[in-house]
Amino acid sequence: MNQDAVLQVKEVTKSFGGVKAVDKVSLDVSKGEIVGIIGPNGSGKTTLVNLITGFVKPDSGMVLAGGKKLTGLAPHRIAGLGIVRTFQIPRPYHSLSAVKNLVVPLYSSRIMHTIGGKLGDRDTVALDILEEIGFERDAHVPYKLASAFSEGYLKRLELARCLALRPHVIIMDELFSGLSVSEIAAMIPIVERLQMNGMTIIMVEHRVRELFQLAHRVMVMNFGEKIAEDIPELITKSEIVKQAYLGVT
Amino acid sequence: MPERRKERLDRGIKVRTEGIYAISSWRGIAYALLPTFSFVVGMLIIPLVAPSMTWQRITTLACIFALLALSFDFLAHFVGIVCLGGAFFTGVGVYISGVLNSAFGLPMVITIPVATIVGAAICTLFLLPCLPIRGIYFAIVSLMYPLLFSRVIQALEIFGGTDGLPGLATFPNIWVELYFIIPMTLILTFGLRRLVNEDFGIVLQAIKDNDQAVKASNINITWYKTKAVFIGSAIGCFAGACLAHLYGWVGLSLFALDFSIFPIAATVVGGVGTLVGPIIGALILAPLSEMLRAFGPLRVVFYSLILAGLVVFKTEGLLPFLQRKYHQFEHWTEV
């Protein structure tokens, strides 16, 4: 057993009706690692994220974080333990400005009694986070309503919401999807910097090229099952992965 | 023929008095304060200009409806809970203060606060199971409760059964009544407006926009929704408690559907999401309904026509319309 595993997924299974969305998937994530999860559409990647973060309850198996059982906890409690996620489709608060979008995580019980919560200047903290992930720090952009932002900014706002919770594990559910090549190029250094600051990152991604550039380890899923887990270089050579992705027999 | 469209521009003084710049001149201060000031003063002088005791009575009833509309608007626009439980709130408030007054002989100064707090707790408890359900389902459940309660009271013959509880304490005179309810309406309106701009209100608005993201932000949304429903039902129960002492009587008719539907009409007419709008809406609709009594059986027809007209031609609501006229001027430009 890996001693510095911050997150352990143990044989989780989830069926929706007769379909096994996730079938006995196990995954160990060590501290400071970037783990990629790839797989064709409908292979159960997002369901796995939902299982880890408590949005979906598993039929069997469990998820542990630093020895503590996450399975059965409500989503907000798991977020309170510092394991946060972004959503595949951005979920901003449309009627609030970008800065006020961050007021919500800063008002959470995890942050409430620290700097940015009731202590210190919250607006500065919010603006710092926004700047860190690529919002212009000027008199205009952070105060625009979330409904006025483009897809690229909304994805960043998703990430900002996670960062405001000062997590130690971030699960990014298709952070790069829907972004242009140049927007992705701007995001990659941000993710790298987060990892260098000691954060553990799980990336669910369709953009394989960019993912392989970042990830230390990649897990491949197909029809709810884990079919491969290795370093990126070996994954690209794996026959079984080619088969799943390209349909080559 | 060239096409024309209406162009709306902010008035210069609006731009000059935004935020802290309002204190740059007396005129700026006056401009920024005038809407609130006229609303408060307007509310306070209604009793003085009301032509007769009947109209003063109608004003107090309008304020009761205004409070219910306020509660509806708060829950619907700032928390995203469509609550048709106006009748439920008033019914619970009315019966608690009625029973406390008639069975235990407690004075009004005790029954009204107790009915507000205990009533809100009871309403919240009953609505708690449906809090995770969003949208129309919550509305239906909250609409059903008043029917349930009134039938239970009828069937079990408790709290006076179908006869109700007569002979409750009433306000000493109409002036006390008016100058208790109107300032309370004002305090609750501005208190709520303050609340929705605080962090607590921002979280509620975030829950309305996207509850999944709030869950993912380490915030227990059910707890926040519970608090919001408590606030909403406390306002409704307070209105109900006042109603018991206005009538000096408590009965099953105070669970009537009017208390659920009228606040929605008032909110739509006044402007959804403005908090002050629903008050203005209720203060227009309640007297209007009385004035139309002259038409006898046709009263409802005219009332419905006016309501439909207001909704069709001023969809945004009266208050947003007035705000726009105050802050902007319009002119036609060629496209």
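Here the structure is shown first, and the text comes after it.
Report on the accompanying structure. Keep in mind that this is a model prediction, so the values were computed, not measured. (Residues numbered from 1 in each chain as written. Chains lettered and ligands numbered in written order. Predicted model: local features only at pLDDT ≥ 70, side-chain atom pairs only at ≥ 80, totals over all residues.)

1. Digging into the overall build of chain A
Counting its secondary structure elements, chain A contains 9 helices and 10 strands. Its C-alpha atoms give chain A a radius of gyration of 18 Å, within 12% of the compact-globule value 18 Å for 249 residues. Taken over the C-alpha atoms alone, chain A extends approximately 55 × 40 × 35 Å along its principal axes. The buried share of chain A, reckoned over its 249 residues, is 47%. Taking all contacts inside chain A whose residues are at least 6 apart in sequence as the whole, residues at least 24 apart take part in 65%. (Helix = DSSP H or I, 4+ residues; strand = E, 2+ residues; numbered from the N terminus. Rg over C-alpha atoms; globule rule 2.2 N^0.38 Å. Buried ≥ 20, exposed ≤ 12 C-beta atoms within 10 Å, placed from the backbone. Contact = placed C-beta atoms within 7 Å.)

2. What to know about the environment of G273 of chain B
Residue and element names in this part refer to chain B. Mapped onto the secondary structure, G273 falls in the loop between α11 (258–270) and α12 (276–291). Residues G273 and F74 lie 199 residues apart in sequence; the distance between their C-alpha atoms is 7.3 Å. Apart from the residues within four sequence positions on either side, G273 is in contact with D73 and H77.

3. What to know about the packing of helix α2 (residues 26–49) of chain B against helix α7 (residues 174–197) of chain B
All names here are of chain B. In contact at an axis separation of 10 Å, α2 and α7 are set at 165° when each is read in the N-to-C sense. With respect to α7, the axis of α2 lies roughly antiparallel. The hand of the α2/α7 crossing is right-handed. Along its contact with α2, which presents V40, M43, L44 and P47, the element α7 presents L178, I182 and L186. Residue classes in the contact of α2 with α7 are distributed as 7 nonpolar, no polar and no charged. (Axes fitted to C-alpha atoms, helices over the stretch in contact; angles between N-to-C directions. Parallel < 35°, antiparallel > 145°, perpendicular 65-115°, else oblique. Left-handed = near helix turned anticlockwise from the far one by under 90°. Nonpolar A, V, L, I, M, F, W, Y, C, P; charged D, E, K, R; others polar.)

4. Observations concerning the sheet that holds strand β9 (residues 217–222) of chain A
Strand pairing in a sheet relies on backbone hydrogen bonds. The paired strands run either parallel or antiparallel. Residues and elements named next belong to chain A. Strands sit in the order β6-β7-β8-β3-β9-β10 across an open sheet of 6 strands; the sheet is mixed. The open sheet has two edge strands, β6 (83–85) and β10 (225–230), and neither has a second partner. Adjacent strand axes in the sheet meet at a mean angle of 15°, parallel and antiparallel pairs treated alike. (Pairing = 2+ DSSP bridges.)

5. Some points on the nonpolar core
With 169 residues, the main nonpolar core has M203 of chain A together with F65, A66, L67, L70, V203 and A282 of chain B as its most contacted residues. Excluding anything up to four places from it in sequence, L70 of chain B contacts L188, T189, L192, I235, L275, P278 and I279 of chain B. (Core = buried A, V, L, I, M, F, W, Y, C linked by C-beta atoms within 7 Å.)

6. Let's talk about helix α8 (residues 199–209) of chain B
Taking burial as the measure, the 11 residues of α8 of chain B include 8 buried ones, the bulk of the element. Of the surrounding secondary structure, the elements contacted by the buried residues of α8 of chain B are α3 (98–106) of chain A together with α3 (53–79), α9 (211–215) and α10 (221–247) of chain B.

7. Some points on the interface of chain A and chain B
Of the residues lining the interface, 23 residues belong to chain A; the matching set on chain B comes to 16 residues. Elements with a minimum of two residues in the side of chain A that touches chain B: α2 (75–80), β6 and α3 of chain A. Its residues assigned to classes, the side of chain A that touches chain B shows 11 nonpolar, 7 polar and 5 charged.

8. Digging into the environment of G232 of chain B
Residue and element names in this part refer to chain B. One can find G232 in helix α10. With 30 C-beta atoms counted inside 10 Å, the residue G232 sits in the buried group. Considering only alpha carbons, one finds G232 and F89, 143 residues apart in sequence, at a separation of 9.0 Å.

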